[in-house]
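Coordinate inspection notes
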Amino acid sequence: MVILQEISGYFLIGFILTAGLFIVYLPVYFILRKKIPAARQAAGFLFAACIVIILFATVFTGITIVPYKDRSLNIIPFKVLMETWKMGFIKQIAQTLANIVMFMPLGFIFPVVFINARKLYKTAIYMASFSFLIEFVQYFTGRQADIDDIMLNTLGGITGYLLFLTAMKLFKDKKFWKKLTGLYNYK
């Protein structure tokens, strides 16, 4: 129960950020509505929202100026599983799940938006690269940079990609899915 409460806070922040982004994006939608179908715009918007939410949760919160000697870097894989964090077991599980769940929507929407990235290896490389970039920035902003976070984020992205593949099989003949994925002939 505590784990669900911990993770639900992330969802609330994500919802608030998405609502704010939607208000900002609305004029763009009306400008582009005759050139880009609404479903494709929705996919692009959701992709941008995923990026903003992840950056907010990982980079923009907790920024502090930290002297070099106080920076934290973990380059030992699976250290998260071998050591108990100071935050306690429940918080540790919540953080681990949050690292996976946070990248699942991005792993799903990335191949929806980018037609030429509909291969598992392309999505996995993007997820790992984006996660590495986040960890690199975190090292300089007072947060811990951790190889385990990169692995967990990438796992979440791959899980999202597998959900995308499932949706491709389930909805391949559906008009809404063809419009969303850019496979629909608009002529």
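The following paragraphs examine the structure supplied in this document. As a convention, each chain's residues are numbered from 1 in the sequence order in which they are written. Since the coordinates come from a predicted model, pLDDT governs what is reported: local features require at least 70, and pairs of side-chain atoms require 80 or more to be given and counted, while whole-chain, interface and lining totals use all residues. Note: side-chain values were computed over all heavy atoms of the structure, leaving out hydrogens and water.

A few points about the overall build of the chain
Put simply, DSSP H or I for four residues or longer makes a helix, DSSP E for two residues or longer makes a strand, and each gets a number counted from the N terminus. A tally of helices and strands in the chain yields 7 helices and 2 strands. Going residue by residue from the N terminus, the α and β elements of the chain occur as α-α-β-α-α-α-β-α-α. Every one of the 187 residues in the chain was classed for burial, and the buried ones make up 33%. Whether two residues are in contact is decided by their heavy atoms: any pair within 4.5 Å suffices. Long-range pairs, those at least 24 residues apart, make up 74% of the contacts in the chain between residues at least 6 apart in sequence. The protein chains shown are the only cover counted for residues, whose accessible areas, like all others here, come from Shrake-Rupley with a 1.4 Å probe. In the form shown here, the chain has an accessible surface area of approximately 11600 Å², with 73% of it arising from carbon and sulfur atoms. The buried label applies to any residue whose accessible area, calculated with a 1.4 Å probe on protein chains only, is under 20% of its type's maximum; exposed applies above 50%, and partly exposed to all values in between.

Topic: the packing of helix H4 (residues 89-113) against helix H5 (residues 120-140)
Axis angles are defined between N-to-C directions and span 0 to 180 degrees, where every axis is a line fitted to C-alpha atoms and, for a helix, only to the segment in contact. Put simply, H4 and H5 touch, their axes get as near as 10 Å, and they point 135 degrees apart. Between H4 and H5, the interaxial angle falls into the category oblique. Of the two elements, H4 crosses H5, and the hand of that crossing is right-handed. Contact residues: H4 offers Phe103, Leu106, Gly107, Phe110 and Pro111, while H5 offers Lys122, Thr123, Tyr126, Met127, Phe130, Ser131 and Ile134. As a working rule, the residues Ala, Val, Leu, Ile, Met, Phe, Trp, Tyr, Cys and Pro are called nonpolar, Asp, Glu, Lys and Arg charged, and the rest polar, with Gly in that last group. The residue inventory of the contact of H4 with H5, partitioned by class, reads 8 nonpolar, 3 polar and 1 charged. Orientation categories follow fixed angle ranges, with anything under 35 degrees roughly parallel, anything over 145 roughly antiparallel, 65 to 115 roughly perpendicular, and all other angles oblique. Crossing chirality is assigned from the near helix's rotation relative to the far helix, an anticlockwise turn below a right angle marking it left-handed and a clockwise turn marking it right-handed.

Comments concerning the environment of Ala43
In this structure, Ala43 sits in helix H2 (residues 38-60). A residue is classified by how much of its surface remains accessible, and Ala43, at 0% relative accessible area, is buried. Each C-alpha atom of the pair Ala43 and Pro111 lies 10.0 Å from the other, and the pair is 68 residues apart in sequence.

Description of a nonpolar patch on the surface
On the surface, a cluster of nonpolar side chains totalling about 390 Å² of accessible area is made up of Phe22, Ile23, Leu26 and Phe30. Looking at the secondary structure, you find Phe30 in helix H1 (residues 2-32). Overall, the relative accessible area of 46% leaves Phe30 in the partly exposed class. The patches described consist of residues with a relative accessible area above 30% and no salt bridge, like charges being joined within 9 Å and nonpolar side chains (Val, Leu, Ile, Met, Phe, Trp, Tyr) within 5 Å. A pairing counts as a salt bridge when a side-chain nitrogen of Lys or Arg comes within 4 Å of a carboxyl oxygen of Asp or Glu.

Looking at the packing of aromatic side chains
Pairing of aromatic side chains here covers Phe, Tyr and the six-membered ring of Trp, requires ring centres within 6.5 Å, and sorts the geometry by plane angle: under 30 degrees stacked, over 60 edge-to-face, intermediate tilted. Under the counting rule described, the total for this entry stands at 19 aromatic pairs. Relative to Phe45, the ring of Tyr25 has its centre 5.5 Å away and its plane inclined at 40 degrees; by these criteria the two rings are tilted. With Tyr25 in helix H1 and Phe45 in helix H2, this residue pair connects regions lying 20 residues apart in the sequence. Ring centres of Phe103 and Phe130 lie 5.8 Å apart, and the angle between their planes is 45 degrees; this geometry places the pair in the tilted category. Placement of the pair is Phe103 in helix H4 and Phe130 in helix H5, with a sequence separation of 27 residues. By relative accessible area, Phe103 is classed as buried at 0%. Judged by relative accessible area, Phe130 falls into the buried class, the value being 9%.

Some points on the nonpolar core
The biggest cluster of nonpolar side chains holds 22 residues, and the ones touching the most others in it are Phe47, Ile54, Phe103, Leu106, Ile109, Val112 and Phe130. Of all the secondary-structure elements, those providing two or more residues to this core are H2, H4, H5, helix H6 (147-171) and helix H7 (175-181). Here the element with the most residues in this core is H4; it accounts for 7 residues. In this description, a nonpolar core means a group of buried Ala, Val, Leu, Ile, Met, Phe, Trp, Tyr and Cys residues linked to one another through side-chain atoms lying within 4.5 Å.

Here's the deal with H5
When the terminal C-alpha atoms of H5 are compared, their 31 Å separation across 21 residues agrees well with the 30 Å that a helix rising 1.5 Å per residue should span. Buried within H5 are the following residues: Thr123, Ala124, Met127, Phe130, Ser131, Ile134, Glu135, Gln138 and Tyr139. In this structure, the buried side of H5 is in contact with H2, strand S1 (73-74), H4, strand S2 (145-146) and H6. Downstream of H5 by a residue or two, Gly142 has a phi angle that is positive, lying close to 90 degrees. Between the first and last residue of a helix there are one fewer steps than residues, each counted as 1.5 Å, and that sum is the expected span.

Honestly, it's all geometry; don't read function into it.
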